[in-house]
Amino acid sequence: MRWDEGFVFAPITARVIFGHGTVAQVGAEVERLGHRVPLVLSTPHQEPQARALADSIGGRVFAGAVMHTPVEVTQQAMAAYDACDCVVALGGGSTIGLGKAIALRSGADQVVIPTTYAGSEMTDILGETAAGAKTTRRDPAIRPETVIYDVDLTLSLPPGLTVTSALNAIAHGVEGLYAPDANPILSGMAAQAMAAFRDGLPQVVADPGNRDARAQVLFGAWLCSTVLGHVSMALHHKLAHVLGGSFNLPHAETHAILIPHTAAFNAAAVPALLAPVAQVFGSVGGGLWDFAQRCGAPLRLADLGLTKADLDRAADIALLNPYANPRPFDRATIRHLLQDAFEGKRPQD
Ligand code: NAD
């Protein structure tokens, strides 16, 4: 977006610490917020790390976080939170989502240590699932107070999730470029983030232990998360939420497969706004698809277990609540876009 078009920028603040080995600062950050007994959250997979962290800072552990923040899990975590005075979320978007759900219900302060690139940490957005449907809301109480990025904790992120999570972050940056509340500062951050992913991600794919490249990619993830925290979401996020919430598709893979298609669809209406994507990747839809393929990302919704009948139902659900998108669409266009993503077709440039 160009500055001479006029804009509004209402910066949102969170305390951000970025570096190597920064997890050692969690205890001091909890104290800084005036708390003594944090509830350290994680998935079952990251429980050993959560226990080690809790032991080092005098906290307790709830290691039951799962994808898409089901309300039943939040209720269990709320019971564990009773004995604590703040939340420390160690993990990806699933764990951070659980911390946000606790904060929304209790007013708890949150210290968040993201270990994927999904980008929930800088936003006031919470998606929760109840009775098979995912609803998303925004509220200032949801936004974490402190975010600690520790590059070293991302070294163990498996190669597959590394790539899909990075594309998930890129999707936030892309939607930030044409959001109604976009501004040139956020657009600059999105462009810088995409360049960081373009340069850093192939190096991480080749050598997952490359600390410099991991730092570059995590920096891109922070930028994209910040962009997402300031703007409205459009068609891309809507489709990802429909497929995740109603069909239980994995979050990062779904974003990774959809983003070339949704970006190409919108580029036909607002090519100038999406020019930074073309500059970084060579073209918008095709460039993103080529980058995803080169990094080994999944390209077909069919490979995630979706069926053609699901595509019909997903197109219906996607039209239920109206939301801003730079290019108007109807059921037929959405169904067509989903079909291309289902088959893994390379979008036109
Ligand atoms: P995730 O948090 O579900 O993590 C996937 C798996 O990877 C988990 O088992 C986790 O323990 C493991 N893992 C995470 N980091 C690891 C590491 N460094 N090393 C080894 N294993 C690691 O996946 P995700 O893609 O980060 O998050 C998806 C969820 O986040 C979805 O529910 C999505 O809706 C939500 N999300 C929310 C927002 C928001 O702003 N509200 C933004 C992005 C994503």
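Calculation notes
Residues numbered from 1 in each chain as written. Predicted model: local features only at pLDDT ≥ 70, side-chain atom pairs only at ≥ 80, totals over all residues. Heavy atoms only, no water. Near = heavy atom within 4 Å. Polar contact = N/O pair within 3.5 Å; in protein donor to acceptor, adjacent residues only side chain to side chain. Areas by Shrake-Rupley, 256 points an atom, 1.4 Å probe, with all protein chains shown as cover. Helix = DSSP H or I, 4+ residues; strand = E, 2+ residues; numbered from the N terminus. Axes fitted to C-alpha atoms, helices over the stretch in contact; angles between N-to-C directions. Left-handed = near helix turned anticlockwise from the far one by under 90°. Contact = heavy atoms within 4.5 Å. Salt bridge = Lys/Arg side-chain N within 4 Å of Asp/Glu carboxyl O. Buried < 20%, exposed > 50% of the residue type's maximum accessible area, 1.4 Å probe, protein only. Patch = residues over 30% accessible without salt bridge, like charges linked within 9 Å, V, L, I, M, F, W, Y side chains within 5 Å. Phe/Tyr/Trp six-rings, centres within 6.5 Å; stacked < 30°, edge-to-face > 60°. Expected span 1.5 Å × (residues − 1).

In the vicinity of the ligand there are 23 residues, among which Thr43, Ser94, Thr115, Thr116 and Thr123 approach most closely. With respect to the ligand, the side chain of Gln46 contributes an N or O atom lying 2.8 Å from an oxygen atom. Contacts to the ligand include His251, whose side-chain N or O atom sits 3.4 Å from an oxygen atom. Protein chains bury 89% of the 860 Å² of accessible surface belonging to the ligand in isolation. Of all the elements, helix H4 (residues 93-106) adds the most residues to the shell around the ligand, at 3 residues.

Once that is clear, we can look at the packing of helix H5 (residues 159-178) against helix H9 (residues 251-267). Relative orientation of the contacting elements H5 and H9 amounts to 35 degrees, with a least axis distance of 8 Å. At the point where H5 passes H9, the crossing takes the left-handed sense. Contacts between H5 and H9 involve Leu161, Thr164, Ser165, Leu167, Asn168, Ala171, Val174 and Tyr178 from the former and His251, Ala252, Glu253, His255, Ala256, Ile259, Ala263 and Asn266 from the latter.

What follows deals with the pattern of salt bridges. The tally for this structure, following the rule as stated, stands at 15 salt bridges. Asp290 is the partner of Arg346 in a salt bridge, and the nearest nitrogen-oxygen pair spans 2.8 Å. Linking Arg346 in the segment after helix H13 (331-343) with Asp290 in helix H11 (residues 285-294), this pair joins segments that are 56 residues apart in sequence. Take Arg346: its relative accessible area is 36%, and that puts it in the partly exposed class. For Asp316, the salt bridge identified is with Arg331, shortest N-O distance 2.6 Å. With a gap of 15 residues between them, Asp316 in helix H12 (residues 308-318) and Arg331 in helix H13 connect regions that are remote in the sequence.

We now examine a nonpolar patch on the surface. Taken together, the side chains of Trp3, Phe7 and Ile185 present a nonpolar region at the surface, about 360 Å² in accessible area. Judged by relative accessible area, which is 66%, Trp3 ranks as exposed.

Right, let's get into the packing of aromatic side chains. All told, the structure shown has 4 aromatic pairs when counted by the stated rule. Ring centres of Phe18 and Phe219 lie 6.2 Å apart, and the angle between their planes is 90 degrees; this geometry places the pair in the edge-to-face category. Of this pair, Phe18 sits in strand S1 (residues 15-19) while Phe219 is found in helix H7 (residues 211-230), placing the two residues 201 residues apart along the sequence. The interplanar angle of 50 degrees and the centroid separation of 4.9 Å between the aromatic rings of Phe281 and Phe291 together place this pair among those described as tilted. Within this pair, whereas Phe281 is found in helix H10 (residues 275-281), its partner Phe291 is found in helix H11, the two being separated by 10 residues in sequence. Through a chain of ring-to-ring contacts, the aromatic side chains of Phe18, Tyr149, Phe219 and Trp222 assemble into a single cluster.

Look at H13: 18 Å from first C-alpha to last across 13 residues, which is about the 18 Å you get at 1.5 Å a residue. Of all the residues in H13, the buried ones are Ile334, Arg335, Leu337, Leu338, Gln339, Asp340, Ala341 and Phe342. Contacts from the buried residues of H13 go to helix H8 (235-247), H9 and H12. Measuring from the backbone nitrogen of Ala332 back to the side-chain oxygen at the start of H13 gives 3.2 Å, which picks out Asp330 as the cap. Phi for Gly344, located one or two positions after H13, is positive at around 75 degrees.

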